[in-house]
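Summary of the model geometry
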Amino acid sequence: MPWLSYRKALNRALGDELARDPAVFVLGEDVRVAVSNVTAGLLGRFGPERVVDTPLSEQAFTGFATGAALAGMRPVVEFQIPALLFLAFEQIVNQAHKFSLMTGGQTAVPVTYLVPGSGSRAGWAGQHSDHPYGLFAHAGVKTVVPATPEDAYGLVVSAIRDDDPVVVFAPAGALDVRADVDFATLAPVALGAGRVHRQGSDVTVVAIGHLVHDALAVADELAGEASVEVFDPRTVYPFDWDGLADSVRRTGRLVVVDDANRTCGVAAEVLATAAERFDLTAPPARVTRPDGAVVPFAPALDRAVQPDRDQLATAIRKVLQD
Amino acid sequence: MAFLSAAAHADLYRVVRLIRRFEERAVELVRAGDIVGGIHPYTGQEAVAAGACAALRADDVITSTHRGHGHVLAKGADPKRVLAELAGRATGLNRGRGGSMHAADFRLGILGANAIVGANAPITAGAAWAAKRAGDGRVAVSFFGDGAVNQGVLLESLNLAALWRLPVLFVCENNGYATTLAVADAVAGTITGRGEAFGIPSATVDGMDPVAVLDAARTAVDRARSGGGPSLIECVTYRFDAHHTWEHRARVRYRPDDEVLKGRSRDPLDVQGSRLSDADRERVDAEVESVVDEAVAFALSSPHPDPEGALDDLYATGLRGRPGDGR
């Protein structure tokens, strides 16, 4: 079977949806020359009317997408840098997200916000290394963080077809992942459906985005001492609580690894829900970035604030001992 | 000034009068507690909405502001359902989910009033781009106040609209104050200068005269429909009432009494009313009175929305999040 890279999966999803639905168009900074590589070849296939380069006006072009969506289009907005979402938070959370309710259901706002390269890319420092999916989950904006090329394809397709705004965080740490995939099997992945990547019976590890691959490696490492199940929510809002409940029912133990700041993060929400709903046989644990972390520049400092495999292995061992 | 038929003058006057009486009755309903949260009265600025919307086709679209009742009514929304929305009733335009600051009627091209100053500008540009791409000749109007001209997103949107020659009218209602801050204390340069900087034809008109606004809006609409791109119209007007009805109790003072008296001395009702015969004016006044009476009766007799459905329509797809008590 052919190899599909994560980047190519994003590219293929955009191309397939542009071909399928004339209402779809892509806009953002440097999308015509495809600086992020995600829109490569789309200008030639679909033309400048559907692959639109914008000035460096994040607030305006994000609001512009809302207006185009209100008029029947399905815009895909690419953000080269995750922190640009802070500039456009007003336009996404306070405008696009609120239109359906505020108008009493008169309109939908089917916009997809695509962030290829969220989280730390070594050496990009404080303002280019955030991974702010938790903010959007908190606000109630549909938010996906695919871990694999197949899921990246399937979730982008579903996001574009969804009638609500959806933010797609493609982690920088996953962009180089490749998978041996039969292209004919690529298909939409439903929003809100988690996936068990590895079955286990002693502990459930909830891993988000690129950390799924770290969790799988740690599960392999610990294979002699523990049977680790790896649960990938894929969508962080709405979260697949029933899928996680099924997993925890089998294992009775829970660890969450979440590459985001600790307070009010997705890991915090998973643990809170576990406390309310799940019968755990041991206190759960989470591995996250530190509270309020700003990613420092020097590579060793950058790595120091990201969850790593040792921390995860330690957390799993501790939960298994309790 | 363009020649208008007696019927056209009467139509403009009817809209001005409708907005005025609607707002006056709405303020009474605020005082009576029937409208919760207060309103931003449009009183005094009626000529802008009436004149600009008279230049539009039914399928053109508008976006509005926190002070938006006038635009919504001028674009043709049913006064009964607008007032019911202000009163938070299930029969309101937005089924009681939006209120005074978010009134919308998508069937009439009213893409919503918006409570964040300047935020409607890029939305309007996006809707205009979609119209241009569809080639249906529609134009989009962004109404905003003098406060919005200092928002970066508005300036970014002027740039986009000019760059892509979008069929947009940027209609600035300069009522002299951004909440309580006078234009002289807030705006460096000029408002039309904002447009001219981007190569957008920009004009200042008498915003107390609906015919002057209509004239300027027609020129701008013709330019937009024929592919000539956006225009900016600064309508110099005066807000007769408070920024928001909370001022009626808070008694903040920021406008000198003589300024208010002078501002109110030129009333769009009289400017346009003087163009009608006394008999016609009385006839329109009586019609409007019955429309507004009917709206008040409708709003106050309408059911309140069911709290069970508070978050109906939060998602267009019908997604339901978890309830707040964890059930």
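If you're wondering where the values come from, they're calculated on a predicted model, not measured in any experiment. (Residues numbered from 1 in each chain as written. Chains lettered and ligands numbered in written order. Predicted model: local features only at pLDDT ≥ 70, side-chain atom pairs only at ≥ 80, totals over all residues. Heavy atoms only, no water.)

Attention now goes to the overall build of chain B. Of regular secondary structure, chain B possesses 12 helices and eight strands. Relative to its length of 327 residues, chain B is compact, with a C-alpha radius of gyration of 20 Å against a globular reference of 20 Å. Referenced to the eigenvectors of the C-alpha coordinate spread, the extents of chain B come out at roughly 55 × 50 × 40 Å. Sorting the 327 residues of chain B into buried and exposed places 56% on the buried side. Here the contacts in chain B between residues at least 6 apart in sequence split such that 75% fall between residues at least 24 apart. (Helix = DSSP H or I, 4+ residues; strand = E, 2+ residues; numbered from the N terminus. Rg over C-alpha atoms; globule rule 2.2 N^0.38 Å. Buried < 20%, exposed > 50% of the residue type's maximum accessible area, 1.4 Å probe, protein only. Contact = heavy atoms within 4.5 Å.)

Further remarks concern the pairing of strand β5 (residues 112-118) of chain A. Residue and element names in this part refer to chain A. Buried residues dominate β5, accounting for seven of its seven residues. When strand β4 (residues 74-78) meets β5, the two strands line up parallel, connected through three bridges. Each residue of the ladder has a partner; that of Glu78, found in β5, is Leu114. As paired strands, β5 and strand β7 (residues 166-171) are joined by six bridges and run parallel to one another. The partner of Leu114 across the bridge, within β7, is Val168. (Pairing = 2+ DSSP bridges.)

So, on to the packing of helix α1 (residues 6-31) of chain B against helix α2 (residues 46-54) of chain B. All names here are of chain B. Relative to each other, α1 and α2 sit at 140°, their axes nearing to 9 Å. As far as their axial angle goes, α2 and α1 are oblique. Of the two elements, α1 crosses α2, and the hand of that crossing is right-handed. In contact with Leu12, Val15, Val16, Ile19 and Arg20 of α1, α2 contributes Glu46, Ala47, Ala49, Ala50, Gly51 and Ala54. Considering only residue class, the contact of α1 with α2 consists of eight nonpolar, one polar and two charged. (Axes fitted to C-alpha atoms, helices over the stretch in contact; angles between N-to-C directions. Parallel < 35°, antiparallel > 145°, perpendicular 65-115°, else oblique. Left-handed = near helix turned anticlockwise from the far one by under 90°. Nonpolar A, V, L, I, M, F, W, Y, C, P; charged D, E, K, R; others polar.)

We now examine helix α12 (residues 278-301) of chain B. Residues and elements named next belong to chain B. The terminal C-alpha atoms of α12, which comprises 24 residues, lie 34 Å apart, in line with the 34 Å expected from a rise of 1.5 Å per residue. Buried within α12 are the following residues: Val284, Asp285, Val288, Val292, Ala295, Val296 and Ala299. Against the buried residues of α12 lie α1 and α4 (79-86). (Expected span 1.5 Å × (residues − 1).)

Residues and elements named next belong to chain A. As for its position among the elements, Ala174 is in the loop between β7 and β8 (178-180). Take Ala174: its relative accessible area is 0%, and that puts it in the buried class. Along the backbone, Ala174 and Pro146 are 28 residues apart, and their C-alpha atoms lie at a distance of 8.5 Å. If near-sequence neighbours (up to four positions away) are discounted, Ala174 is found in contact with Tyr6, Ala147 and His210.

Every contact between the two is made by 40 residues of chain B and, on the other side, 46 residues of chain A. Carbon and sulfur atoms make up 63% of the surface buried where chain B meets chain A, a total of about 3400 Å² over both sides. Considering only the surface of chain B that becomes buried against chain A, Phe106, Arg133 and Arg322 of chain B emerge as the three largest contributors, covering 18% of it. Summed over the shared surface of chain B and chain A, the result is one salt bridge. (Buried area = accessible area lost by both parts, 1.4 Å probe. Salt bridge = Lys/Arg side-chain N within 4 Å of Asp/Glu carboxyl O.)

This part takes up the environment of Leu319 of chain B. Summarising the element assignment, Leu319 of chain B is placed in the segment after α12. Relative accessible area serves as the criterion here: at 23%, Leu319 of chain B is assigned to the partly exposed category.

It is worth spelling out the nonpolar core at this point. If you look at the biggest cluster of nonpolar residues, it comprises 82 residues, and the most contacted ones within it are Phe64, Phe79, Leu244, Leu254 and Val270 of chain A together with Trp129 and Leu166 of chain B. Viewed by domain, this core spans two of them, domain 1 (3-183) and domain 2 (195-321) of chain A, each represented by three or more residues. Contacts of Leu244 of chain A, omitting those with residues within four sequence positions, involve Thr204, Val206, Phe231, Phe239, Leu254, Val270 and Phe278 of chain A. Among the nonpolar cores identified, the runner-up in size contains 59 residues, and Leu12, Tyr42, Leu73 and Val82 of chain B belong to it. (Core = buried A, V, L, I, M, F, W, Y, C linked by side-chain atoms within 4.5 Å. Domains from an automatic or database assignment.)

One pass over the structure, following the stated rule, counts 13 aromatic pairs over all chains. Site record: aromatic cluster; members linked through ring pairs are Phe25 and Phe64 of chain A together with Trp129 and Trp164 of chain B. Looking at Arg121 of chain A, its charged tip hangs above the ring of Trp124 of chain A, at a distance of 4.6 Å from the centre. Over the ring of Phe298 of chain B we find Lys80 of chain B, and its NZ or CZ is 5.9 Å from the ring centre. (Phe/Tyr/Trp six-rings, centres within 6.5 Å; stacked < 30°, edge-to-face > 60°. Lys NZ or Arg CZ within 6 Å of the ring centre and 35° of its normal.)

All names here are of chain A. Summarising the element assignment, Asn11 is placed in helix α1 (residues 6-20). Separated by 2.8 Å, the side chain of Asn11 and the backbone oxygen of Ala40 make a polar contact. Ignoring anything within four residues of it in the chain, the contact list for Asn11 reads Asn37, Val38, Thr39, Ala40 and Leu42. (Polar contact = N/O pair within 3.5 Å; in protein donor to acceptor, adjacent residues only side chain to side chain.)

At the junction of Tyr237 of chain A and Pro238 of chain A, the peptide bond is cis and its omega measures out at -5° in the coordinates. Looking at the element boundaries, Pro238 of chain A is found in the loop between β12 (235-237) and α10 (241-251). Although it is not a glycine, Ala34 of chain A adopts a positive phi angle of roughly 60°. Counting through the fold element by element, Ala34 of chain A comes out in the loop between β2 (24-28) and α2 (42-46). Even without being glycine, Arg165 of chain B reaches a positive phi, approximately 45°.

Moving on to the domain arrangement of chain A. All names here are of chain A. Each domain of chain A was delimited in the assignment, giving domain 1 (3-183) and domain 2 (195-321). Taking the mean C-alpha position of each, domain 1 and domain 2 sit 26 Å from one another. The interface of domain 1 with domain 2 comprises 29 residues on the first partner and 23 residues on the second. A buried area of about 2000 Å², summed over both sides, lies between domain 1 and domain 2, and 58% of it is on carbon and sulfur atoms. If you look at where domain 1 meets domain 2, you find three salt bridges. Where Asp151 meets Arg234, a salt bridge forms, and the shortest distance between an N and an O atom there is 2.9 Å. Where domain 1 meets domain 2, there are 13 residue pairs in polar contact (both at pLDDT 80 or more). For the side of domain 1 that touches domain 2, the secondary-structure elements that each account for two or more residues are α7 (133-139), β6 (142-144) and α8 (149-161).

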